[in-house]
Amino acid sequence: MITIDLKGRRALVTGASSGIGAAITHALAEAGADVAVNYLSDPTGQDAAAAAKVAEAARALGVRAICVAADISDAGQVEKMFATIDQEFGGIDILVNNAGIDGVAARCWESDPHNWYRVIQINLFGAYHCAREALKRMTVARHGVIVNISSVHESIPWSGYSAYTCSKAALAMLTQTLAQETADLGIRVLGVAPGAIKTPINESVWNNPDTLKDLLRKIPSNRMGEPSEIGRMVALLASDMASYVTGPSLLVDGGMVLYPSFRHGG
Ligand code: BGC
């Protein structure tokens, strides 16, 4: 029988309190995985409340769910988060490096270095910190899956977002290199590269009819993606259905990288 069965697997999803991360957590829980919901605690407590809701929805699906606060750009906080997961779940089978930010739009010569660094610190260093902790455990257990959430912008340049494009291109190479390091240890490392998925990160674009129209011109499928469409793909790739897949970034983008401007003429 062909099923996505993650029963008994223990997963950590970073940046799981909203958007794509929340949808991935939901899909993993639907497939039977226990989930650790990572979030960045903010003084208002809003993120903690959102993470608690995601965990509650997972529990309603019959799995164990915990919330783990950590700023993944800080190696010390990531170490502590993994220690908590060890205590609560006794190990980890799936890591989804999802947390990321687009950053502040600014062309290189107008940008503030601190904003630039922050994007790299979260999107790339954060994924590295979490992969490092996960692999310490997975290499001993001799099994595990890491899914890095990249972007179409690992290959499509994006004016105003050089830190973002660099972080995602680097993440794709981190994925391949870690896949090479661990393939003979029973571990798979792969990427999912979403296109324009309707989430809070790009709300200012889909909220405005003019910018939405411009965006849709860039998507051959002529619609934005739903977070659940990423969630499902991550669950599939994290499962034994994808047991021989390691290394690549799978595009889930409605054809965004297919040079839609070439659909006619040329
Ligand atoms: C970005 C979104 C953007 C999409 C398509 C994603 O990686 O996070 O803000 O809408 O790429 O350009």
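Values in this document were obtained by computation on a predicted structure and should not be read as measured data.

(A) View of empty space enclosed by the protein. Across all of its chains, the model carries 2 cavities of 30 Å³ or more by this definition. Here the largest cavity is characterised by a volume of approximately 110 Å³. Lining the largest cavity are 14 residues; nearest its centre among them are Val-104, Asn-115, Trp-116, Gly-160 and Ala-163. The set of elements that each furnish at least two residues to the lining of the largest cavity consists of helix H4 (113-141) and helix H5 (162-182). Considered class by class, the residues forming the lining of the largest cavity number 7 nonpolar, 5 polar and 2 charged. Of the volumes computed, that of the second largest cavity is approximately 50 Å³.

(B) The arrangement of the side chain of Arg-188 in detail. For Arg-188, the location among the structural elements is in strand E6 (residues 187-194). No salt bridge is formed by the buried Arg-188, whose closest oppositely charged neighbour, Asp-240, lies at an N-O distance of 5.3 Å. Among the polar contacts made by the side chain of Arg-188, one reaches the main-chain carbonyl oxygen of Leu-237 at a distance of 2.8 Å. In this structure the side chain of Arg-188 is engaged in a polar contact, spanning 3.0 Å, whose partner is the backbone oxygen of Ser-239. Ignoring any residue separated from it by four or fewer positions in sequence, one finds Arg-188 in contact with Gly-144, Val-145, Ile-146, Leu-237, Ala-238, Ser-239, Ala-242, Ser-243, Tyr-244, Val-245 and Thr-246.

(C) Just the pattern of salt bridges, in detail. Throughout the structure, instances matching the rule amount to 13 salt bridges. Between Arg-137 and Asp-86 there is a salt bridge, with its nearest N and O atoms 2.9 Å apart. Remark: Asp-86 occurs in helix H3 (residues 75-89) and Arg-137 occurs in helix H4; sequence separation between them is 51 residues. As a salt-bridge pair, Arg-137 and Glu-133 come within 3.0 Å of each other at their nearest N and O atoms. Taken together, the residues span about one helical turn, with Arg-137 and Glu-133 both in helix H4 at a distance of 4 residues.

(D) Summary view of the nonpolar core. Formed by 36 residues in total, the largest nonpolar core has its most connected members in Ile-24, Leu-28, Val-96, Val-192, Ile-230 and Val-234. Among the elements of the structure, strand E1 (10-13), helix H1 (19-30), strand E2 (34-39), helix H2 (46-59), strand E4 (94-97), strand E5 (144-149), E6 and helix H8 (227-238) are those that each provide at least two residues to this core. The dominant element in this core, judged by the number of residues it contributes, is H1, at 6 residues. With near-sequence residues (within four places) excluded, Val-96 lies in contact with Leu-12, Val-13, Thr-14, Ile-24, Leu-28, Val-147, Ile-149 and Val-234.

(E) Layout of a nonpolar patch on the surface. Taken together, Ile-2, Ile-4 and Met-241 make up a surface patch of nonpolar side chains, about 300 Å² in accessible area. By the secondary structure assignment, Ile-2 is in the segment before E1.

(F) Structural context of the packing of aromatic side chains. Under the criterion given, the structure shown has 2 aromatic pairs. With a centroid separation of 3.8 Å and an interplanar angle of 25 degrees, the aromatic rings of Trp-158 and Tyr-161 are classed as stacked. A ring pair is formed by Trp-158 and Tyr-164, whose centres lie 5.7 Å apart and whose planes are at 80 degrees; its orientation type is edge-to-face. Trp-158 gets classed as partly exposed once you look at its relative accessible area, which sits at 29%. According to the relative accessible area criterion, Tyr-164 is buried, its value standing at 9%. An aromatic cluster is present here, built from Trp-158, Tyr-161 and Tyr-164 joined pairwise through their rings. The ring of Trp-206 carries Lys-198 above its face, with NZ or CZ at 4.8 Å from the centroid.

(G) Structural detail: the environment of Met-138. The residue Met-138 is located in helix H4 in this model. C-alpha of Met-138 to C-alpha of Ile-94: the two residues are 44 residues apart in sequence and 9.1 Å apart in space. Every residue in contact with Met-138, bar those within four places of it in the chain, is listed here: Ile-92, Asp-93, Ile-94, Leu-95, His-143, Gly-144, Val-145, Ile-146 and Ile-187.

(H) Structural context of the site of the ligand. As a matter of local geometry, the ligand sits amid Asp-102, Ser-151, His-153, Trp-158, Tyr-164, Gly-195, Ala-196, Ile-201, Asn-202 and Met-256. Ser-151 places a polar side-chain atom, nitrogen or oxygen, 2.7 Å from an oxygen atom of the ligand. Between the ligand and His-153, the relevant distance is 2.7 Å, taken from an oxygen atom to a side-chain nitrogen or oxygen of the residue. Look at the ligand: alone it shows 310 Å² of surface, and the protein chains cover 90% of it. According to the grid-proximity analysis, the pocket containing the ligand is the largest pocket. Residue classes in the shell around the ligand are distributed as 5 nonpolar, 4 polar and 1 charged.

What counts and what doesn't
Residues numbered from 1 in each chain as written. Predicted model: local features only at pLDDT ≥ 70, side-chain atom pairs only at ≥ 80, totals over all residues. Heavy atoms only, no water. 1 Å grid on protein atoms, 1.4 Å probe; cavity = no way out; pocket = protein on both sides within 12 Å on 5 of 7 lines; lining within 4 Å. Points joined across faces, edges and corners; volume = space filled by probe spheres on them. Helix = DSSP H or I, 4+ residues; strand = E, 2+ residues; numbered from the N terminus. Nonpolar A, V, L, I, M, F, W, Y, C, P; charged D, E, K, R; others polar. Buried < 20%, exposed > 50% of the residue type's maximum accessible area, 1.4 Å probe, protein only. Lys, Arg positive; Asp, Glu negative; His and termini not counted. Salt bridge = Lys/Arg side-chain N within 4 Å of Asp/Glu carboxyl O. Polar contact = N/O pair within 3.5 Å; in protein donor to acceptor, adjacent residues only side chain to side chain. Contact = heavy atoms within 4.5 Å. Core = buried A, V, L, I, M, F, W, Y, C linked by side-chain atoms within 4.5 Å. Patch = residues over 30% accessible without salt bridge, like charges linked within 9 Å, V, L, I, M, F, W, Y side chains within 5 Å. Areas by Shrake-Rupley, 256 points an atom, 1.4 Å probe, with all protein chains shown as cover. Phe/Tyr/Trp six-rings, centres within 6.5 Å; stacked < 30°, edge-to-face > 60°. Lys NZ or Arg CZ within 6 Å of the ring centre and 35° of its normal. Near = heavy atom within 4 Å. Sits in = over half its atoms within 2 Å of the grid points.

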